[in-house]
Amino acid sequence: MSMRQSTVICVCGAGTMGSGIAQLSAQAGFTTIQFDVSEPMLEKSRQQIIASLDTLVTKGKISSDEKAGTLSRLHFTSDIQSCRADVIIEAIVEKMEIKTTLFTQLAAINSPSTILASNTSSISISSLAAGIPHPERVAGLHFFNPAPVMKLVEIVKGNATSQQTITQLRELAKAMGKTTVVCKDAPGFIVNRVARPYYLEALRLAEQGFTHPAQADRLLEATGFKMGPFKLMDLIGMDVNFAVSNIVWEALGQPPRLKPSALQQQKVSEGNLGRKTGKGFYEYN
Ligand SMILES: NC(=O)c1ccc[n+]([C@@H]2O[C@H](COP(=O)([O-])OP(=O)(O)OC[C@H]3O[C@@H](n4cnc5c(N)ncnc54)[C@H](O)[C@@H]3O)[C@@H](O)[C@H]2O)c1
């Protein structure tokens, strides 16, 4: 399969990442199915995509016809039976068992050549592929937030991933206008591994009373980072960032320097997950 416009993409998950990836895919000209178990999340995603396309039209970046074309290629469903595609991009909760169950269900209703790509930030691709029929078509396809804007995509090669799968995913990401890097299946891959102390040290300083979120963000941004660590955690989602910290910490043998933060755990318990819930370290309207 080469990545032509007739290629059908199914994006599973309509949250922060799934919504952005579905928009990107439809804008790139692919028929795109967006699947989520939650109808409200599907509707929220649809509204977000329309708002995002409207902004692009207002800014003169796309025409009204391109907006209409993008929306005509997007299909929203909560029925897994509709998830038949050439490439599946999974962007659901960062939990191994839930992702494995989904891939198993999708493998049963799709062709053996359908690529099963995961947008996971931290779960081992080799572990995810184990037990899935034809594990050579399972890989990581890790977009960054917000997916329509951020140029980088990490393509993660698990133990069983074939070179053909990697080549096809490279071609797909390129057709979506992305820059790709092929990574090994190490905990946190490359970007999330390097970025972990950025969040964790900032959280530790705040926990110990040496700084507070607004000050730390102001300082880090003044040194040249595009977003301070607390603003970034609010954008990512506290639950996702906390899950990634736990997975990387466990996978590396629980090193003290990467111990997940009690302050972040508290935010997760309170349901203050960041922008997606309207409150995290900051409040949003
Ligand atoms: N948030 C980020 O900045 C970011 C960046 C890169 C990668 N990721 C990764 O992307 C994935 C999704 O993260 P997110 O931030 O979009 O999460 P999110 O919490 O915003 O959305 C997750 C969505 O998955 C849906 N879902 C849960 N179980 C499902 C199932 N079995 N089938 C279908 N849908 C299901 C939920 O209803 C929800 O809409 C995670 O693996 C995360 O690690 C996140």
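Each chain has its residues counted from 1, running along the sequence as written. Given that this is a predicted model, residues contribute local features only at a pLDDT of at least 70 and side-chain atom pairs are listed and counted only at 80 or more, while totals for whole chains, interfaces and linings are drawn from all residues. To get the side-chain values, take all heavy atoms of the structure and skip hydrogens and water.

1. Some details on the site of the ligand
Next, step 1: We call a residue near a molecule or strand when any one of its heavy atoms sits within 4 Å of it. Every one of the 24 residues lining the ligand counts as a neighbour, but M17, D36, E94, K99 and I236 are closest to it.
Next, step 2: N or O atoms closer than or at 3.5 Å make up a polar contact, with two conditions inside protein: a donor-capable atom paired with an acceptor-capable one, and, for residues adjacent in sequence, both atoms drawn from side chains. Taking I236, its main chain carries an N or O atom lying 2.7 Å from a nitrogen atom of the ligand.
Next, step 3: Burial of the ligand by the protein amounts to 89% of the accessible area it has alone, namely 830 Å².
Next, step 4: Put simply, DSSP marks the helices as runs of H or I at least four residues long and the strands as runs of E at least two long, and each gets a number from the N terminus on. Put simply, the parts of the chain that give the shell around the ligand at least two residues each are α1 (16-27), α4 (96-109) and β6 (138-143).
Next, step 5: Put simply, Ala, Val, Leu, Ile, Met, Phe, Trp, Tyr, Cys and Pro go in the nonpolar bin, Asp, Glu, Lys and Arg in the charged bin, and everything else, Gly too, in the polar bin. Of the residues in the shell around the ligand, the class split is 12 nonpolar, eight polar and four charged.
Next, step 6: Residue ranges labeled as domains rest on an automatic or database domain assignment. Split by domain, the residues of the shell around the ligand number at least three in each of domain 1 (8-184) and domain 2 (193-277). Only the protein chains shown count as cover for residues, and the accessible areas themselves come from Shrake-Rupley with a 1.4 Å probe.

2. Describing the domain arrangement of the protein
Next, step 1: By the assigned domains, the protein splits into domain 1 (8-184) and domain 2 (193-277).
Next, step 2: With centres defined by C-alpha atoms, the gap from domain 1 to domain 2 works out at 26 Å.
Next, step 3: Contacts between residues were defined by any pair of non-hydrogen atoms, one from each residue, lying within 4.5 Å. Between domain 1 and domain 2, the residue contacts involve seven residues of the former and seven residues of the latter.
Next, step 4: Of the roughly 590 Å² buried where domain 1 meets domain 2, counting both sides, 61% is carbon and sulfur surface.
Next, step 5: Here a salt bridge means any side-chain nitrogen of Lys or Arg lying within 4 Å of a carboxyl oxygen belonging to Asp or Glu. Inspection of the region where domain 1 meets domain 2 yields zero salt bridges.
Next, step 6: For the pair domain 1 and domain 2, the interface holds one residue pair in polar contact (both at pLDDT 80 or more). Here the quantity called buried area is the accessible surface, traced with a 1.4 Å probe, that two parts lose on coming together, added over both.

3. What to know about the UniProt feature "domain: 3-hydroxyacyl-CoA dehydrogenase NAD binding" (unreviewed entry) in the protein
Next, step 1: UniProt positions are given in the numbering used here, feature names are shortened, and annotations may be inferred rather than shown by experiment. Using the residue numbers shown here, the UniProt feature "domain: 3-hydroxyacyl-CoA dehydrogenase NAD binding" (unreviewed entry) corresponds to residues 9-185.
Next, step 2: Strand forms 22% of residues 9-185 and helix 41%; the C-alpha atoms that close the span are 24 Å apart.

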